[in-house]
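# Structural overview
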Amino acid sequence: MNQNLLDSLFLDGGFSDQNFPDLFYPVTIAALIFLVGTVVLYNLQLRRLHRHPPLVNLNEWLFWTGLTVFGLLLVYAIFKFYFIFVLITLIVGIGTMIWIRWFRFPPLITVYNGVRRREQYLSQKRYATAESTIRTKGARPKSKSKSKKKR
């Protein structure tokens, strides 16, 4: 009895509201909301963090993973793919997002933060005294225009 039930759910019937009345609409609506949220969040974060390459890369990885996973879930719902594809996509997609956010990028962000702190410290040290910001008379910048009239 259980084998026939599993066969009917995974092999005979597709992912539709008739075969999965409790799962179909919540999964489909959540995939649509998360797809729109992924696009909006990526655009907001890209504008905010455009000067920090590791954070932009993190958001790009999460964006493309989210676009793929949630887009595939919508395709599975529209074309009534087997439910096993929905399960595999959810498991692999969520696992990939967790790996990206918690394992792949934290070491890169830590290194980047160290470089930024070092640059900030050296910049503060360079301009620590007021005299370091004043130009001396002998160190004039060269003029950019070569065609000045001589008097």
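So, here is what we can say about the structure in this document. Note that the structure is a prediction, hence the values are computed from the model and not measured.

### Regarding helix H2 (residues 24-48)
Look at H2: 36 Å from first C-alpha to last across 25 residues, which is about the 36 Å you get at 1.5 Å a residue. As for H2, its buried residues are in contact with helix H3 (53-79).

### Description of a nonpolar patch on the surface
On the surface, Val75, Ile78, Phe79, Phe81, Tyr82, Ile84, Phe85, Ile88, Ile91 and Val92 cluster together into a nonpolar patch covering about 960 Å² of accessible area. For the nonpolar patch, the secondary structure elements donating two or more residues are H3 and helix H4 (83-104). Element by element, the count of residues in the nonpolar patch is highest for H4, at 5 residues. With respect to the helices and strands, the residue Phe79 is situated in helix H3. A relative accessible area of 59% places Phe79 in the exposed class.

### Things to note about the packing of aromatic side chains
Here the structure, examined in full by the defined rule, presents 14 aromatic pairs. Considering the side-chain rings of Phe63 and Trp64, the 5.0 Å spacing of their centres and the 70° angle between planes classify their relative orientation as edge-to-face. Using a relative accessible area of 12% as the deciding quantity, one classes Phe63 as buried. Among the aromatic residues, those joined into a cluster by ring pairs are Phe15, Phe20, Phe24, Tyr25 and Phe83. The aromatic ring of Trp102 is capped on one face by Arg101, whose charged end is 4.5 Å from the ring centroid. The ring centre of Phe105 lies 5.4 Å from the NZ or CZ of Arg104, which sits over that ring.

### Concerning the nonpolar core
Counting 15 residues, the largest nonpolar core has Phe15, Ala31, Phe70, Leu73, Phe83 and Val86 as its most contacted members. At the level of elements, H2, H3 and H4 are the ones that each hand at least two residues to this core. Here this core gets 6 residues from one element, more than from any other, and that element is H3. When residues no more than four places from it in sequence are discounted, the contact partners of Phe15 are Phe20, Leu23, Phe24, Val27, Thr28, Tyr76, Ala77, Lys80, Phe81, Phe83 and Val86.

### What about the environment of Gln18?
Looking at where Gln18 falls in the secondary structure, it is placed in the loop between helix H1 (2-12) and H2. Gln18 sits in the exposed class, given a relative accessible area of 58%. Within the structure, the side chain of Gln18 is placed 3.3 Å from the side chain of Ser16, a separation counted as a polar contact. A polar contact is formed between the side chain of Gln18 and the side chain of Asp17, at a distance of 3.1 Å.

### Remarks on the packing of H2 against H3
The geometry of H2 relative to H3 is characterised by a closest axis approach of 9 Å and an angle of 155° between their N-to-C directions. The orientation of H2 with respect to H3, classified from their angle, is roughly antiparallel. Viewed along their axes, H2 and H3 form a crossing whose handedness is left-handed. Mapping the contact onto sequence places Phe24, Thr28, Ala31, Leu32, Phe34, Leu35, Thr38, Val39, Tyr42, Gln45 and Leu46 in H2 and Val56, Asn59, Glu60, Leu62, Phe63, Gly66, Leu67, Phe70, Gly71, Leu73, Leu74 and Ala77 in H3. Residue composition of the contact of H2 with H3, by class: 16 nonpolar, 6 polar and 1 charged.

### Structural notes on unusual backbone geometry
Residue Lys80 is not a glycine yet carries a positive backbone phi of 55°. Residue placement: Lys80 occurs in the loop between H3 and H4. Overall, the relative accessible area of 48% leaves Lys80 in the partly exposed class.

Parameters and conventions
- Residues numbered from 1 in each chain as written.
- Predicted model: local features only at pLDDT ≥ 70, side-chain atom pairs only at ≥ 80, totals over all residues.
- Heavy atoms only, no water.
- Helix = DSSP H or I, 4+ residues; strand = E, 2+ residues; numbered from the N terminus.
- Expected span 1.5 Å × (residues − 1).
- Contact = heavy atoms within 4.5 Å.
- Patch = residues over 30% accessible without salt bridge, like charges linked within 9 Å, V, L, I, M, F, W, Y side chains within 5 Å.
- Areas by Shrake-Rupley, 256 points an atom, 1.4 Å probe, with all protein chains shown as cover.
- Salt bridge = Lys/Arg side-chain N within 4 Å of Asp/Glu carboxyl O.
- Buried < 20%, exposed > 50% of the residue type's maximum accessible area, 1.4 Å probe, protein only.
- Phe/Tyr/Trp six-rings, centres within 6.5 Å; stacked < 30°, edge-to-face > 60°.
- Lys NZ or Arg CZ within 6 Å of the ring centre and 35° of its normal.
- Core = buried A, V, L, I, M, F, W, Y, C linked by side-chain atoms within 4.5 Å.
- Polar contact = N/O pair within 3.5 Å; in protein donor to acceptor, adjacent residues only side chain to side chain.
- Axes fitted to C-alpha atoms, helices over the stretch in contact; angles between N-to-C directions.
- Parallel < 35°, antiparallel > 145°, perpendicular 65-115°, else oblique.
- Left-handed = near helix turned anticlockwise from the far one by under 90°.
- Nonpolar A, V, L, I, M, F, W, Y, C, P; charged D, E, K, R; others polar.

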